[in-house]
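Understanding the architecture of this molecule
One-letter residues, chain by chain:
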Amino acid sequence: MGDVDTPPFKDIVNGALEFTIPIAHKMGIQAVEVRPGFAATSVPAAGNGNHFGVMYAGVLFTVAEILGGAIAIATFDTAAFYPLVKDLHIFFRKPAKTDVRAEATLSEEEISRVTAEAIANGKADFTLRAVVTDADGVVVADTEGLYQLRAHGK
């Protein structure tokens, strides 16, 4: 029997998004790069506008918030733990008129701390800061989210 190849983390996230968060899938949110300690998502401007011709605030929020789950899938043991969002603050900087990209990172030190705490206590909080940029690289929003890694069954 041959080894089974695990698909890239971005494909896992994109495959699950339609079923786990259907509204984000309908917005067109995609994981574009996902690896341990890093995630990037994107969303198209088309179909996500508001009443004055820029991207709707809720879409900007969602493309950034999704990063907490995407980064957790690639970084932590999903057989033992799942992520949830406890709080998220968004700071709107400029109107977004193009497709946008959101990115977030977790340091190796923070990953180690969260993993050890979750193993010891069944849960661990972590903060994730994201930057959302337009097609020209202009920061249109940034977020600070409080997430929790929680053991299944807790």
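Report on the accompanying structure. (Residues numbered from 1 in each chain as written. Predicted model: local features only at pLDDT ≥ 70, side-chain atom pairs only at ≥ 80, totals over all residues. Heavy atoms only, no water.)

1. Description of the packing of helix α3 (residues 57-65) against helix α4 (residues 67-75)
Axis separation between α3 and α4 bottoms out at 5 Å; the angle between their running directions is 15 degrees. Classified by the angle between their axes, α3 and α4 sit roughly parallel to one another. Packed against α3, whose contacting residues are V63, A64 and E65, the element α4 presents L67, G68 and G69 at the interface. (Axes fitted to C-alpha atoms, helices over the stretch in contact; angles between N-to-C directions. Helix = DSSP H or I, 4+ residues; strand = E, 2+ residues; numbered from the N terminus. Parallel < 35°, antiparallel > 145°, perpendicular 65-115°, else oblique. Contact = heavy atoms within 4.5 Å.)

2. Things to note about the pattern of salt bridges
What the rule picks out here adds up to nine salt bridges. Among the salt bridges present, the one from E110 reaches R113, with a minimum N-O distance of 2.8 Å. Of the two residues, E110 and R113 both sit in helix α5 (residues 108-121), three residues apart, roughly one turn of that helix. Under the relative-accessibility criterion, R113 is labelled partly exposed at 32%. A salt bridge links E117 to R113, with the nearest nitrogen and oxygen atoms 2.8 Å apart. In this pair, E117 and R113 both sit in helix α5, four residues apart, roughly one turn of the helix. A cluster of three or more residues bridged by salt bridges with shared partners is formed by E33, R35, R101 and E103. (Salt bridge = Lys/Arg side-chain N within 4 Å of Asp/Glu carboxyl O. Buried < 20%, exposed > 50% of the residue type's maximum accessible area, 1.4 Å probe, protein only.)

3. Some remarks on helix α1 (residues 9-20)
Between its first and last C-alpha, α1 extends 16 Å over twelve residues, near the 16 Å set by a 1.5 Å rise per residue. For α1, the set of buried residues is V13, N14 and L17. Along α1, the residues classed as buried sweep out an arc of 95 degrees about the axis, all on the same side. Residues F19 and T20 are exposed on α1 and point more than 90 degrees away from its buried face. Check the buried side of α1 and you find it contacts α2 (22-27), β1 (30-35) and α4. (Expected span 1.5 Å × (residues − 1). Arc of directions from axis to C-beta.)

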